[in-house]
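Summary of structural features
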Amino acid sequence: MKFHSSIETRFNLLTTALILFTAVGTSTFLIIQEKTTSRQRLIQYGTGIAHMLSSNSEAGIISDNRAMLRRTIKGLSLNKDIAYAVIISNDNKILVNESYYPSVRIPLLSDQSALKKGGIHIEEYTSSETQNSIIDILVPVLTMPPAITDNSPSDISKRDNQSEIIGYIQLGLTQQRIQKDGADFFYNTLLIISIMVLIGSILTLLMTRKITSPIASLVNATKKISKGDFGTQINIQSKDEIGKLARSFNRMSQRLKTYQKEAEQHRDTLEEKVIQRTQDLQKAREKAEAANIAKSQFLANMSHEIRTPMNAVLGMTEFLLDSSLSKEQHGFAHTAYKSAESLLSIINDILDFSKIEAGKLELELIDFDLCDLVDEAVELLAEHAHSKGLELACLVHSDVTKIVRGDPNRLRQILMNLISNAIKFTDKGEVIIRVSNLIENAENAETKVLCFEVQDTGIGLSEDAQSRIFDSFSQADGSTTRKYGGTGLGLSIAKQLVTLMHGEMSIESVVGLGSTFSFTARFDQPVICVEPEAIHNMQGFKALIIDDNATNREIIELQLKSWSIQSESAADAYQAMESLRAAKKSGHAFDFAILDMQMPEIDGIALAKAIQSEPEIADIRLIMLSSIYQVDISAACQEVGIDHFLAKPVKQSYLYNSIAGLMGVPVPCLSRSRREKDNTTNQHYHFDVRVLVAEDYPANQLVIRQILTTLGCQVDIVNNGSKAIEALSDHHYDLIFMDCQMPLMDGYETSQQIRRAEAAANDDKRIPIIALTANALQGDREKCLSAGMDDYLSKPFNRKQIQGILKIWSPAELVYDAEQDSLGNVASTVNEKQQQQSNHHVSTTNETLNPQTINNIRAMDQTGDNLFLSELCEMFVTCSDQSLTSLIDAVSKNDTDSIRKLAHNLKSSSANVGATRLATLSRELEGKARDKDISDLSRLLDKISSEYRIVVQALDRLCENERCEHAK
């Protein structure tokens, strides 16, 4: 607790404290000085008496006349300061001993420290009996030379050096009188000091009151002003600083009163002006927002409208290029095709920019192979780079996760933009792409942060250009005569996409030396655990890398090192031949060599011929890398004994497989995830199993029944956990798909009861339970597993995902179904044809329905008539009408539990039919209900109702189009 006091109180306390401090200090000094002075006087007095006794005792000590000695000290009894007197011979015998205070102990001479000849010893001690302080003085008795007759102390000191000690005078002085005088002095001093402090305090109070009284008047006046009482005046007539302050205060108060009157006059008109200005600003804001929305919609609509005929232009031009044309006609068509490609690229940039600006661009979240994606992006631009004579190389570090979860299309778009820019602005040298792990202390261990770098040796950028390179419609060279084309949107879009991936993009560049664009991106762990591809140990092999480009050599060295292969490098053919010969002579010959085709002076073909011409090194295996693939080059490589020919930029997997084949190492099999992907894509399986599905929502029941039936499963469906328990008691099931949120008994409790029943039955047989949930939150998977479920499948799901789950958990041996595969191919062809015919119908609902989801639903219908799509849409509308009605009632009652369940169902079914935006709004409503947040529920429900009407209209149009196509 803080102590608050006025200036007057603090001034009084300070002054009083100073007075007390001064008084106490002065009195303490006087008392100590008085005590010290009194003690010194006592010692001087005692020492004089001791010298006198020493002079008078000489004869008595020499003659051993003790009676004479007693008479010498007899008169001392009248002196109250003397406690005792002792005369001692030089052999320490006590000749006379008189104590005037019986309680005081006389110290013996043997107890004293050694004395110098003729010296005086003074010691102070406290009597143990009376606790009195005694000063003990010991003075030697000396013989007097014949020439000295005067017994004065000065004469005694003169004879010290000429005499001998014949005895000692021991005199004890009591300090009782000093202590009594000191006490009297202390009390007298204390009385005087108290009077002085009292007088000083009274004077201080009077002076303080006189100083602080005007200040208090000022304080009271300021309080009145703070309450709005302007014009308050104070009357202080002093001519000091306080008087000046008071006069200034009065002037200020008077001015404030004047300002108050003026403010009151303007206040009435000011409110009207504020209201008018607010209305004007609101109208301007609405106009700006409307203009921005109109601009974004216009860009999006125009981009869509232009892309449709542009696709036809590109397709027809491509067909025209494949036809029989004259050289001149082929040149015209080729120019038209390239111009159309450039125009389509610009349109795509504008479309992406408008989506990002409108906040409508959403990222996918799917599992994909990162290494394959990077290789594909590099491969697509390799021809362009090689046509300019550039080296294009890619390095994905060995510790980078191969399978990640994110948006592969947008990541490819970013990489393609950066790589194509690097190639565009580089006339000679190289373009290098590197992918590495970002070392950081990530709080969320479920994510992985990767760093991508695109480095070139191009024209570089100035600091001014770097500062605006990521701005929209901005380019490094903005002049009308600029050498390089483009809209200036590519990097802006790439940077915003990186931001959506929770990363950052940056640039390092020096004019004339090149640029390095780098960005980070955060990816989730894949949903299904991925087995790493088996890499056989190739330790013990030794390779020689021959390439004139240092970066290429570095990349290949790192790749070989990751496979435990020892390597050396050579920059040209001469170094290579020397290294091969030296290694052979040392007995550690190279097992294989990797040659670059395009090298100065001596190229790869000539080097291979030189190697084959020397028998000592001719047995080495050779791998040729070339930026240009031509049939004649491949044939030339075979003629000179090249074992493998690979085109740059070479994929790590291709290089590994080539080396493994040469060295007789087994080529690794695909990982389980890759096998499942290939099998799911190209093959169809029949699962002879009985499956129980616990799902309460009819539309979801229809979807999963259709998928499982096409996969050969016998399916039973129940709508809650209680019925699932009953079904298990009546039938045997090989697999259970369990929805997590159901009425009466949810999936978690149902799974726990099933596991308890299995444990009670002491049966080792365990039925696999696969969780079905529309949630995709962190911890949901762990919650399902802890409830006794075996795997986790998020909604919406497709046939490929269900087939992958069945392949993992089905107890029956899966059988490849060639007939079904054939039907699947036929259905795929039919669906592809129908998709092409109805692309314009789907694109019109692209903002409402996800085309990919619609195509997935078509793929479930193996008959190819697409009646399943219409049935599913009708089922969705019927169920969702009921859910929406119940949801409106629950929101009106603020029943968060019911809102959460109903929104969850609507989210799941919306995702199943591709209503992505409706699913997102339902997820938001579900989250608010889960958090018991009832704010804005009505507003959010209005959005859901509005979006639902749009979805229903889109589904109606889609189903009508499907029926029309089927009728044809």
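Residues numbered from 1 in each chain as written. Predicted model: local features only at pLDDT ≥ 70, side-chain atom pairs only at ≥ 80, totals over all residues. Heavy atoms only, no water.

1. Considering the environment of arginine 177
Among the structural elements, arginine 177 can be located in helix H5 (residues 176–226). Put simply, arginine 177 and lysine 80 are 97 residues apart on the chain and 8.2 Å apart in space, counted from C-alpha to C-alpha. Once you skip the residues sitting within four places of it in the chain, arginine 177 turns out to touch Leu42 and Asp81. (Helix = DSSP H or I, 4+ residues; strand = E, 2+ residues; numbered from the N terminus. Contact = heavy atoms within 4.5 Å.)

2. What to know about a positive patch on the surface
Together, Lys244, Arg247, Arg251 and Arg255 give the surface a local cluster of positive charge. As for its placement among the helices and strands, arginine 251 is situated in helix H6 (residues 241–322). (Patch = residues over 30% accessible without salt bridge, like charges linked within 9 Å, V, L, I, M, F, W, Y side chains within 5 Å. Areas by Shrake-Rupley, 256 points an atom, 1.4 Å probe, with all protein chains shown as cover. Salt bridge = Lys/Arg side-chain N within 4 Å of Asp/Glu carboxyl O. Lys, Arg positive; Asp, Glu negative; His and termini not counted. Charge placed at Lys NZ, Arg CZ, Asp CG, Glu CD.)

3. Comments concerning the nonpolar core
The biggest cluster of nonpolar side chains holds 57 residues, and the ones touching the most others in it are Leu708, Cys713, Phe737, Ile802 and Leu806. The dominant element in this core, judged by the number of residues it contributes, is helix H29 (residues 937–967), at eleven residues. Dropping the residues within four chain positions of it, cysteine 713 is found in contact with Phe687, Val689, Val691, Leu708 and Leu806. Counting 46 residues, the second-largest nonpolar core is a separate cluster that includes Ala385, Phe470, Ile493 and Val498. (Core = buried A, V, L, I, M, F, W, Y, C linked by side-chain atoms within 4.5 Å. Buried < 20%, exposed > 50% of the residue type's maximum accessible area, 1.4 Å probe, protein only.)

4. Section: the pattern of salt bridges
Pairing of side chains with opposite charge becomes possible as their charged atoms draw close. All told, the structure shown has 24 salt bridges when counted by the stated rule. In this structure, lysine 180 engages aspartate 184 in a salt bridge whose closest nitrogen and oxygen atoms are separated by 3.5 Å. One end of the pair, lysine 180, and the other, aspartate 184, are both in helix H5, four residues apart, so they sit about a helical turn from each other. On the basis of relative accessibility, which here comes to 35%, the residue aspartate 184 falls in the partly exposed class.

5. Notes on the sheet that holds strand S15 (residues 592–596)
The five strands lie next to each other as S14-S13-S15-S16-S17, forming an open sheet whose pairing is parallel. Each edge of the open sheet carries a strand with a single partner, namely strand S14 (566–570) and strand S17 (644–647). Strand-to-strand twist in this sheet, taken as the mean axis angle between neighbours without regard to direction, amounts to 20 degrees. In this sheet, S15 lies alongside strand S13 (residues 542–546) in parallel orientation, the contact comprising four bridges. Residue alanine 543 lies in a different strand from S15, and its bridge partner there is phenylalanine 592. In the packing of helix H13 (residues 573–586) onto the sheet, contacts are made with S13 and S14, and the angle to S13 comes to roughly 165 degrees. Its contacts with the sheet place helix H14 (residues 604–613) against S13, S15 and strand S16 (621–626), and it is angled at close to 170 degrees to S16. (Pairing = 2+ DSSP bridges. Axes fitted to C-alpha atoms, helices over the stretch in contact; angles between N-to-C directions.)

6. Notes on the sheet that holds strand S5 (residues 165–174)
Strand order in the open sheet made by the five strands is S2-S1-S5-S4-S3, with antiparallel pairing throughout. The outermost strands of the open sheet, each flanked by one partner alone, are strand S2 (94–99) and strand S3 (121–126). Looking at each pair of strands side by side, their axes are set apart by 15 degrees on average, direction ignored. Strands strand S1 (82–89) and S2 of the sheet are contacted by helix H3 (residues 66–74), whose axis makes an angle of about 30 degrees with S2.

7. Quick word on the packing of aromatic side chains
All told, the structure shown has five aromatic pairs when counted by the stated rule. Consider the rings of phenylalanine 186 and tyrosine 187, whose centres lie 5.5 Å apart with planes at 65 degrees: the pair is edge-to-face. Its relative accessible area of 36% is what places phenylalanine 186 among the partly exposed residues. Judged by relative accessible area, which is 55%, tyrosine 187 ranks as exposed. A centroid spacing of 6.1 Å and a plane angle of 70 degrees characterise the contact between phenylalanine 368 and phenylalanine 523, whose relative ring orientation is edge-to-face. One end of the pair, phenylalanine 368, is in strand S6 (residues 366–369); the other, phenylalanine 523, is in strand S12 (residues 514–524), and 155 residues separate them in sequence. On the basis of relative accessible area, phenylalanine 368 is assigned to the buried category, the value being 8%. Among the aromatic side chains, those forming a connected cluster through ring pairs are Phe368, Phe452, Phe519 and Phe523. (Phe/Tyr/Trp six-rings, centres within 6.5 Å; stacked < 30°, edge-to-face > 60°.)

8. Examining helix H12 (residues 550–562)
When the terminal C-alpha atoms of H12 are compared, their 19 Å separation across 13 residues agrees well with the 18 Å that a helix rising 1.5 Å per residue should span. At the N-terminal boundary of H12, the capping side chain belongs to asparagine 549, with an oxygen 3.0 Å from the backbone nitrogen of threonine 551. Once H12 ends, the next one or two residues include serine 564, with phi positive near 65 degrees. (Expected span 1.5 Å × (residues − 1). Polar contact = N/O pair within 3.5 Å; in protein donor to acceptor, adjacent residues only side chain to side chain.)

9. Observations concerning the pairing of S1
Counted residue by residue, S1 has eight buried out of eight residues, so it is predominantly covered. Pairing geometry for S1 and S2, over five bridges, is antiparallel. Following the sheet pairing, tyrosine 84 is matched in S2 by serine 99. Linking two consecutive strands that pair antiparallel, namely S1 and S2, is a turn of four residues; a positive phi of about 65 degrees is found at asparagine 92 within it.

10. Here we look at the environment of serine 786
Assignment of secondary structure puts serine 786 in helix H21 (residues 780–786). Here the side chain of serine 786 touches lysine 783 through a polar contact of 2.8 Å, landing on its backbone oxygen.

11. Focus on the confidence of the model for the protein chain
For the protein chain, per-residue confidence averages 76 on the pLDDT scale, and residues scoring 70 or more make up 77% of the total. Across residues 669–682, where pLDDT falls below 50, the model places 28 contacts with residues more than four positions away in sequence or in other chains. Every residue in residues 818–846 scores below 50 in pLDDT, and together they form 32 contacts with partners more than four places removed in sequence or on other chains. (pLDDT = per-residue confidence, 0-100.)

12. Overview of the packing of helix H8 (residues 370–387) against helix H9 (residues 408–424)
Where H8 contacts H9, the two axes come as close as 10 Å, and the packing angle between them is 30 degrees. Here H8 is positioned roughly parallel relative to H9, judged by the angle of their axes. Once H8 is placed against H9, the crossing between them reads as right-handed. Residue-level inspection shows Leu370, Leu373, Val374, Glu376, Ala377, Val378, Leu380, Leu381, His384 and Ala385 of H8 in contact with H9, the latter providing Pro408, Leu411, Arg412, Leu415, Met416, Ile419, Ser420 and Ile423. The residue makeup of the contact of H8 with H9, split by class, is 14 nonpolar, two polar and two charged. (Parallel < 35°, antiparallel > 145°, perpendicular 65-115°, else oblique. Left-handed = near helix turned anticlockwise from the far one by under 90°. Nonpolar A, V, L, I, M, F, W, Y, C, P; charged D, E, K, R; others polar.)

13. Let's talk about unusual backbone geometry
Although it is not a glycine, aspartate 64 sits at a positive phi angle of roughly 55 degrees. Following the sequence through the fold, aspartate 64 ends up in the loop between helix H2 (58–63) and H3. According to the relative accessible area criterion, aspartate 64 is partly exposed, its value standing at 45%.

14. What to know about a nonpolar patch on the surface
On the surface, a cluster of nonpolar side chains totalling about 710 Å² of accessible area is made up of Leu191, Ile195, Leu198, Ile199, Ile202, Leu203 and Leu206. Tracing the sequence through the fold places leucine 203 in helix H5. In this structure leucine 203 comes out as exposed when scored by relative accessible area, which is 54%.

15. Comments concerning the state of the cysteines
On inspection of all chains with the given rule, the structure shows zero disulfides. Between cysteine 394, a free cysteine, and cysteine 371, which holds the nearest cysteine sulfur, the sulfur-to-sulfur gap is 8.5 Å. Cysteine 784 takes part in no disulfide bond, and the closest cysteine sulfur, belonging to cysteine 740, lies 3.9 Å away. (Disulfide = S-S within 2.5 Å.)

16. Points about H8
Between the first and last C-alpha of H8 there are 27 Å, a value that for 18 residues agrees with the 26 Å anticipated at 1.5 Å per step. Considering bend angle alone, the principal kink of H8 is centred on leucine 381 and spans about 45 degrees. Considering only its buried residues, H8 is in contact with S6, strand S7 (391–396), strand S8 (403–406), H9, strand S9 (430–437) and strand S10 (447–456). The backbone nitrogen of cysteine 371 has a side-chain oxygen 3.0 Å away, supplied by the residue at the start of H8, namely aspartate 369. The first or second residue beyond H8 is glycine 389, which carries a positive phi of 75 degrees. (Bend = angle between axes of the 7 residues up to and from the residue.)

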